[in-house]
Every structure is written in structure tokens, then in C-alpha cells.
Amino acid sequence: MRSAAEASERTLHGLAPLPAERVGLGGAHGRVLAESPRAVLTLPPWANSAMDGYAVRAADVAGATPGHPVALPVVETVAAGAFPSRPVAPGTATRIMTGAPLPEGADTVVRVEDTDGGLHEVLVHDGRDAGRNVRQAGEDVRAGEVVLEAGATVLGTQVGLLAAAGVAGVSAHRRPRVAILSTGDELVALDRLDEARAGKRIISSNGYALAALVREAGGVPVELGIVPDAIDWLRAKLHEAASCDLVVTTAGVSVGAFDLTRAAVEAVGGTIDFWKVRMRPGAQLGFGSVRGTPWLGLPGNPVSAIVTFELFVRPMIRRMLGQRDLFPRAIDCVAGEPLRSAGGAMHLFRARLDSAASPPRATLAGAQGSHLLQALARADALLLVTAEMTEVPAGTALRAIPLGERMTFAGEFPF
Ligand code: AMP
Ligand code: MG
């Protein structure tokens, strides 16, 4: 049986970022740049005022004090959006607003608070701004210069720069379309809640969870619904799924009499690369391809499905998106309580991290069955206990993968 690290390597082998496409700035957020965008515009486009006040010559106001104010005639008023029509000659001032272009001749904006605010003549009673409050043309960005590097993810903090620099669109890797297929006769979607209420079916929670996780990871979920444990149905749906960039199925991958996913993959001419991984939860993980499209067969148990998503599916999505750091990053922590593991395989406990402690203390988020969704929903980390550890006393140094918003990414598989 393969280790999780070996399995991960197999799933990523030969997997490349998806081709680039042009995308408008509105759709660029969260995408990885395939080319470095260059500024179309120079910023600021012209020298302009950093203050509401008076554009003057520094030499005229340098000595101004409350006791010896300087009086200057005001030649005009320039608002942001307007342009000056007259230069500032020695001994004159232009009333100017923040962002308005600086008149020729001026090298200073005296803030309005240091004046009497006069409209025809202004009294400057403080010279502290001499030579200041002018934003120079091009001091932020020059037209033609690279503003973000290829390979970077476009973040909210960067969209403003792109817009200001006139970059209306970027070249970014396409988002992977991820087919999600739940298998099992016992499953219904929430639109058949009455059957679940009547105790006849269970909700296919994996379908909902995986769609959300795919979206969270930057992919586009293609929800193909539920197929019964019947080979013909499975074949038909796998065919449909293969038009996506990645096929994710859940359940039907263990040794039950109706576990047909493997047979269905083979029946559509797919390949099986591996089957089973040395980890818990998530041992029942299949990987291969369907009509050339990579396929991951996740276990049916909801906790196992989500844990294997984080360790295997998310890195594949990130690779296709063009991200460089693919893997959830493990952090150091200590066991906040004694733990027991069956050994023989790496175990991932659903845990809570108390980050007020240093290193953070990990305690169990609840009972650890792979069907128990509450403990997973309460957990904010997966706590790693290696195959060699069976008794883990409180205080033992361990590693954990933070989940959800706390997850960060690294270039290497976490264990
Ligand atoms: P299987 O792999 O088909 O043996 O399924 C393992 C367990 O996971 C069974 O208890 C299934 O009922 C459950 N299961 C399978 N698929 C789903 C799903 N989509 N949502 C929630 N539970 C599921
Ligand atoms: Mg089943």
C-alpha cells in the first residue's frame, strides 16, 4: 500500500497548470496570473495636490508665521477634475483641492488649515509646508512597467492597482472544472428531504461539501448529482464527467458487494493507478483516469471524503490553477491531552488548536469515527499521529494541518 506522500506524488505527476485565458478585472480576483500585466497608465498621471489648500512657490511662504503672515493674491480655484488655466507666478497663489493638477510654477501646497481660507487673497500664517504636499507624476507607476508578476495570485489588495493602472483584463490560468459525483443507493439530495425524514434515505452530504470545497479551492464545481450503485448508471455519468478537468467520485471504493466505482472506471476504458493509501481516515482512496481526465475516487464516509479532499484534491486544483504552493502547510503543536492510535497507518485526528498557547495546544474536537460530521465541523485542524505512535502522552510534540481560513500552503506534502 502506498504512503500518503507517494499517493500525492502520483496524483500530481504530469499534471500541469491549465491554459491561460483573458479575463476581465472583475473575474481576475483569486486567479493566478499567466503573464505579468503591464501598466497602461502612469500614476499619478500629473503632478497634483496632496491637500486642500493653496498652490504656491516655496520661497514665498517659507518664512510665514502667525506673527508675520504672508499675503498672496489668489489667481484662480482648481477642483479635482479641473485643470489650472494660469501659472503660479512669484508672489501669487492658486486655491487647489486634493487630487487637482498642480499649476505651473508651483512647488508647494499650503494646507488650508495654515491659512485664512481667503478666496481673492490668502493669508498664509505657517510656512511649515514649504516644498511639500505635491504628488509627483509617475511616482507610483510608470506606463509600461510590470505591476504584478506572473505566478502571483490576484488578491483584493491588488485589484485597485490594476484598475488604476488601466489594466482592464489579465491573462490568468483557467479555473479547473471539477466533476462531483456521489454514488450510493441510500443517497438523496436535499430536495428529497421527506424521504430522509421518513428514515428511508440519507442526505448526500458529500456532494454539498465537495462543491463548497472545490469553490473554496478556486475550482468550478460541476455537480453531477447522485448515481445509484449500478454499473450502467455509473458508466454513463463517468462519461459525462470526463469532459471536466478533474473527476471526483465518492463512495463505492471499498470491498462491499455493491462497491462498483472501480469496475465502472475500468468499463469506460479508464485506468486505475492506485487503490488504497496508508492513512486513516482515507485509506479507501482510488486514483486513475477516465478518458484521459484524472479521476479521484474518494471514500464515502463523510469525514474521509473531506480529509482526502484536503490532502489530494485541493493540491490538484491548485496545480491546475497555476499555484506554486500546493499543499496544506503543517504547523508545530503539542498534544493537549493523551491520544491513542491503532498504529499501522498515519492517523489524522479532528482537533481544535488553542493558538493562544505557544506552541498551540491540540485537543480532540469530538469522537473520531469517520462518519461523525460534528467533530469535523468543530475541528480547526487535522492532528497528525504517525504510524509508529500508538500511545501519545499529553505534551507530545506533534504537527497539525490547520483547516478552513487558517490553512496556509507549502511547496511540499505535509508528511
Ligand atoms: P461506501 O464507500 O459506499 O461503502 O460508503 C461508506 C459510507 O459512506 C456509508 O455509510 C455511506 O452511506 C456513506 N456515504 C456514501 N456516500 C455518501 C454521501 N455522498 N454523503 C454522505 N454519506 C455517504
Ligand atoms: Mg456504498
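Residues numbered from 1 in each chain as written. Chains lettered and ligands numbered in written order. Predicted model: local features only at pLDDT ≥ 70, side-chain atom pairs only at ≥ 80, totals over all residues. Heavy atoms only, no water.

## Thoughts on the pairing of strand β23 (residues 361–364)
Okay, step 1: Direction of pairing for strand β20 (residues 331–335) relative to β23: parallel, over a ladder of 2 bridges. Paired with V334 across the bridge in β23 is R361.
Okay, step 2: Alignment of strand β22 (residues 346–354) against β23, held across 4 bridges, turns out to be antiparallel. Its bridge partner lying in β23, R352 is registered against T363.
Okay, step 3: The antiparallel pairing of β22 with β23 creates a hairpin that spans 6 residues between the two strands. (Pairing = 2+ DSSP bridges. Helix = DSSP H or I, 4+ residues; strand = E, 2+ residues; numbered from the N terminus.)

## Comments concerning the pattern of salt bridges
Okay, step 1: Taken as a whole, this structure holds 15 salt bridges when the rule is applied.
Okay, step 2: Among the ionic pairs, E240 bridges to K237, the shortest N-O distance being 3.7 Å. With E240 and K237 both in helix α6 (residues 231–241) and 3 residues apart, this pair spans about one turn of that helix.
Okay, step 3: Where E391 meets R340, a salt bridge forms, and the shortest distance between an N and an O atom there is 2.9 Å. In this pair, E391 is assigned in strand β25 (residues 391–392) and R340 in strand β21 (residues 339–340), connecting sequence segments 51 residues apart.
Okay, step 4: Accessibility expressed as a relative area gives 63% for R340, which makes it exposed.
Okay, step 5: One connected set of salt bridges, linked through shared partners, spans R111, D114, D126, R128 and D129. (Salt bridge = Lys/Arg side-chain N within 4 Å of Asp/Glu carboxyl O. Buried < 20%, exposed > 50% of the residue type's maximum accessible area, 1.4 Å probe, protein only.)

## Some thoughts on the sheet that holds strand β13 (residues 220–227)
Okay, step 1: One open sheet accounts for 6 strands, arranged β13-β10-β14-β18-β17-β15; its pairing is mixed. Strand pairing shows two members of the sheet lacking a second neighbour, β13 and β15 (271–275), which therefore form its edges. Mean inter-strand twist for the sheet, computed between neighbouring axes without regard to direction, equals 20 degrees.
Okay, step 2: Alignment of strand β14 (residues 246–250) against strand β18 (residues 293–298), held across 4 bridges, turns out to be parallel. Counted as the bridge partner of V247 is W295 from β18.
Okay, step 3: The strands touched by helix α1 (residues 4–12) are β15, β17 (286–290) and β18; relative to β15, the strand with the most contacts, the crossing angle is about 160 degrees.
Okay, step 4: Where helix α8 (residues 302–321) meets the sheet, its contacts fall on β10 (177–183), β14, β17 and β18, and the angle it forms with β18 comes to roughly 165 degrees. (Axes fitted to C-alpha atoms, helices over the stretch in contact; angles between N-to-C directions. Contact = heavy atoms within 4.5 Å.)

## Remarks on the environment of M279
Okay, step 1: As for its placement among the helices and strands, M279 is situated in strand β16 (residues 279–280).
Okay, step 2: We classify M279 as buried; its relative accessible area is 0%.
Okay, step 3: Placed 277 residues apart in sequence, M279 and R2 show a C-alpha to C-alpha distance of 9.1 Å.
Okay, step 4: The residues contacting M279, other than those within four sequence positions of it, are A4, V307, L311, F312, A345, M346 and L348.

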